[in-house]
Amino acid sequence: MSVGKFLSFEDLSDSRGGLVSYEESRNIPFHIKRIYCIYNVSHNAERGFHAHRKLEQVAVCVSGSCTMLLDNGKEKESIVLSTPYKGLYIGSNIWRVMQSFSKDCVLVVLASELYDESDYIRNYDEFLKEIEMGSR
Ligand code: T46
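What you are looking at is a predicted structure, and each value in this text was computed from that prediction instead of being measured.

Our next topic: the sheet that holds strand β10 (residues 120–121). Read across the sheet, five strands follow the order β6-β5-β8-β3-β10 without closing on themselves; strand pairing throughout is antiparallel. Only two strands of the sheet have a single neighbouring strand rather than two, namely β6 (76–81) and β10. Note: strand β3 (residues 47–52) against β10, two bridges, orientation antiparallel. From the neighbouring strand, histidine 52 faces β10, where its bridge partner is tyrosine 120.

Right, dumping it as structure tokens:
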């Protein structure tokens, strides 16, 4: 995998049940300013279709599963998220689409910045233009 990056989290489960912990600057590579959850998504729905100029995120599927399609303008990857013990790190300037949500999917996303619509690139041609300009 080269567009996204998997992070592994220690399984702290015992006979009482499962436990996993996400800690900024320890197993999450940035200061966590925001956490949001995506859930109750119908199987046919697709979300995303944008990139971020600055935002870094780690997406963890704490229940069920979903697929994340990542695209850096040159390479594309399809990643299945299905465990709380693995997070997908998504840096800036990566186009993402989320699809194939299971009924019980709960996707938790840890984000490096507060919500800011001006950080979104929601047009694919604009995304390609911005990464081309950035590589010059
Ligand atoms: C991302 C993927 C993985 C807020 O007001 N605050 C928030 O923290 C978020 C995440 C969204 N919103 C608003 C913006 C839209 O009016 O909620 C609405 C739905 O957001 P959006 O269509 O961007 O949702 P997704 O699922 O397409 O994308 C989300 C994140 O927005 C995005 O940063 O990387 O999940």
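Residues in close proximity to the ligand total 13 residues, the closest being Arg34, Arg47, His52, Gln57 and Tyr120. Within the side chain of arginine 34, one N or O atom sits 2.5 Å away from an oxygen atom of the ligand. The contact in question runs from an oxygen atom of the ligand to an N or O atom on the side chain of tyrosine 120, over 2.6 Å. Against a free-state accessible area of 650 Å², the protein chains account for coverage of 68% of the ligand. Looking at the shell around the ligand, the elements with two or more residues in it are β2 (34–39), β3 and β8 (95–99). For the shell around the ligand, the element with the most residues is β3, which contributes four residues. Here the residues of the shell around the ligand are counted per class, giving five nonpolar, four polar and four charged.

Across the six residues that make up strand β9 (residues 106–111), a large majority, five, are buried. Where strand β4 (residues 57–63) lies against β9, six bridges are found, and the strand directions are antiparallel. Note that in β9 the partner of glutamine 57 across the bridge is alanine 111.

With that out of the way, let us pick up the environment of glycine 73. With respect to the secondary-structure elements, glycine 73 resides in the loop between β5 (66–71) and β6. In this structure glycine 73 comes out as partly exposed when scored by relative accessible area, which is 33%. As a C-alpha pair, glycine 73 and tryptophan 95 span 22 residues in sequence and 7.8 Å in three-dimensional space. Residues contacting glycine 73, with those up to four places away along its chain left out, are Phe127, Leu128 and Ile131.

So, on to the environment of glutamine 99. You can see glutamine 99 is positioned in strand β8. Note on glutamine 99: relative accessible area 19%, which makes it buried. Leave out the neighbours within four places in its chain, and glutamine 99 touches Ala45, Glu46, Cys66, Thr67 and Leu69. Within the local environment of glutamine 99, its side chain forms a polar contact with the side chain of glutamate 46, the two groups lying 2.6 Å apart.

Attention now goes to the pattern of salt bridges. Here the structure, examined in full by the defined rule, presents eight salt bridges. The residue aspartate 14 makes a salt bridge to arginine 16 at a minimum N-O spacing of 2.6 Å. Put simply, lysine 33 and glutamate 113 hold a salt bridge, and the shortest N to O gap is 3.4 Å. Of the two residues, lysine 33 is situated in the loop between β1 (5–8) and β2 and glutamate 113 in the loop between β9 and β10; the sequence distance between them amounts to 80 residues. Classification of lysine 33 by relative accessible area gives partly exposed; the value is 48%. By relative accessible area, glutamate 113 is classed as partly exposed at 23%.

Thresholds, definitions, all that
- Residues numbered from 1 in each chain as written.
- Predicted model: local features only at pLDDT ≥ 70, side-chain atom pairs only at ≥ 80, totals over all residues.
- Heavy atoms only, no water.
- Pairing = 2+ DSSP bridges.
- Helix = DSSP H or I, 4+ residues; strand = E, 2+ residues; numbered from the N terminus.
- Near = heavy atom within 4 Å.
- Polar contact = N/O pair within 3.5 Å; in protein donor to acceptor, adjacent residues only side chain to side chain.
- Areas by Shrake-Rupley, 256 points an atom, 1.4 Å probe, with all protein chains shown as cover.
- Nonpolar A, V, L, I, M, F, W, Y, C, P; charged D, E, K, R; others polar.
- Buried < 20%, exposed > 50% of the residue type's maximum accessible area, 1.4 Å probe, protein only.
- Contact = heavy atoms within 4.5 Å.
- Salt bridge = Lys/Arg side-chain N within 4 Å of Asp/Glu carboxyl O.

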